[in-house]
Amino acid sequence: MAHSLSPECTPLKHEYDSCFNTWFQGYLEPAVAASVDSETRSAYSKQKAEEFEQKCGKIWGQYRECVQKAVKEKGLGELLEQAREENPLKEPPQPPPEVEITQSSSSST
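Parameters at a glance
Residues numbered from 1 in each chain as written. Predicted model: local features only at pLDDT ≥ 70, side-chain atom pairs only at ≥ 80, totals over all residues. Heavy atoms only, no water. Helix = DSSP H or I, 4+ residues; strand = E, 2+ residues; numbered from the N terminus. Buried < 20%, exposed > 50% of the residue type's maximum accessible area, 1.4 Å probe, protein only. Contact = heavy atoms within 4.5 Å. Disulfide = S-S within 2.5 Å. Salt bridge = Lys/Arg side-chain N within 4 Å of Asp/Glu carboxyl O. Phe/Tyr/Trp six-rings, centres within 6.5 Å; stacked < 30°, edge-to-face > 60°.

Asker: Explain the overall build of the protein residue by residue, including any values.
Answerer: Summing up its helical and strand segments, the protein has three helices and zero strands in all. Traced from its N-terminal end to its C-terminal end, the protein shows the element sequence α-α-α. Among the 109 residues that make up the protein, the fraction classed as buried is 22%. A separation of at least 24 residues holds for 61% of the contacts in the protein among residues at least 6 apart in sequence.

Here you go:
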């Protein structure tokens, strides 16, 4: 695994990476099965978000705080702000609406 921005954050990064990778492996395969309809997908996504928060949320918060402190100590805050202003994150495109496929039977005579 890669090192973090600051050596003191690296153990937290490794712990978070491990937690996330374990969680994500359990997320992917069932996600395909849960994508049958939007209600099922939504319920599954909510359940997995809660599971992530329960298992990895605390370590993510600690790691994020450590990196934010390192960013300030290294004087990178202004550069990050400038980059955000020049290239703001945009909302991802909305998925297309689900199309219900119906079969119509026509009889030839």
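Still more to cover.
Asker: Tell me about the state of the cysteines, residues and numbers included.
Answerer: The full count for this structure, using the stated rule, is two disulfides. Across the disulfide from Cys9 sits Cys66; the S-S distance is 2.0 Å. Looking down the S-S bond of the Cys9 and Cys66 bridge, the torsion is -95 degrees, so its handedness is left-handed. In this pair, Cys9 sits in the segment before α1 (10–34) while Cys66 sits in helix α2 (residues 38–73), placing the two residues 57 residues apart along the sequence. On the accessibility criterion, Cys66 (9% relative accessible area) is buried. Each sulfur of the disulfide joining Cys19 and Cys56 lies 1.9 Å from the other. Taking the torsion about the sulfur-sulfur bond, which here is approximately -90 degrees, the covalent link between Cys19 and Cys56 counts as left-handed.

Asker: Explain the pattern of salt bridges to me, using residue names and the numbers behind them.
Answerer: Applying the stated rule across the entire model yields six salt bridges. When the shortest N-O distance is used, the salt bridge between Glu81 and Arg84 registers 3.2 Å. You can see Glu81 and its partner Arg84 sitting in helix α3 (residues 77–86), three residues apart, about one turn around the helix.

Asker: Give a description of the environment of Pro7 that names residues and reports values.
Answerer: Along the chain, Pro7 falls in the segment before α1. Considering only alpha carbons, one finds Pro7 and Ala70, 63 residues apart in sequence, at a separation of 9.5 Å.

Asker: Hey, could you go over the packing of aromatic side chains for me, with residue numbers and the actual values?
Answerer: Scanning the entire structure with this criterion turns up nine aromatic pairs. On the numbers, 6.1 Å between centres and 35 degrees between planes, the contact of Tyr16 with Phe20 is tilted. Of this pair, Tyr16 and Phe20 both sit in helix α1, four residues apart, which is roughly one turn of that helix. You can call Tyr16 buried: its relative accessible area is 12%. With centroids separated by 5.0 Å and ring planes inclined at 45 degrees, the aromatic side chains of Tyr16 and Trp60 adopt a geometry described as tilted. Placement of the pair is Tyr16 in helix α1 and Trp60 in helix α2, with a sequence separation of 44 residues. The exposure class of Trp60 is partly exposed, given its relative accessible area of 33%.

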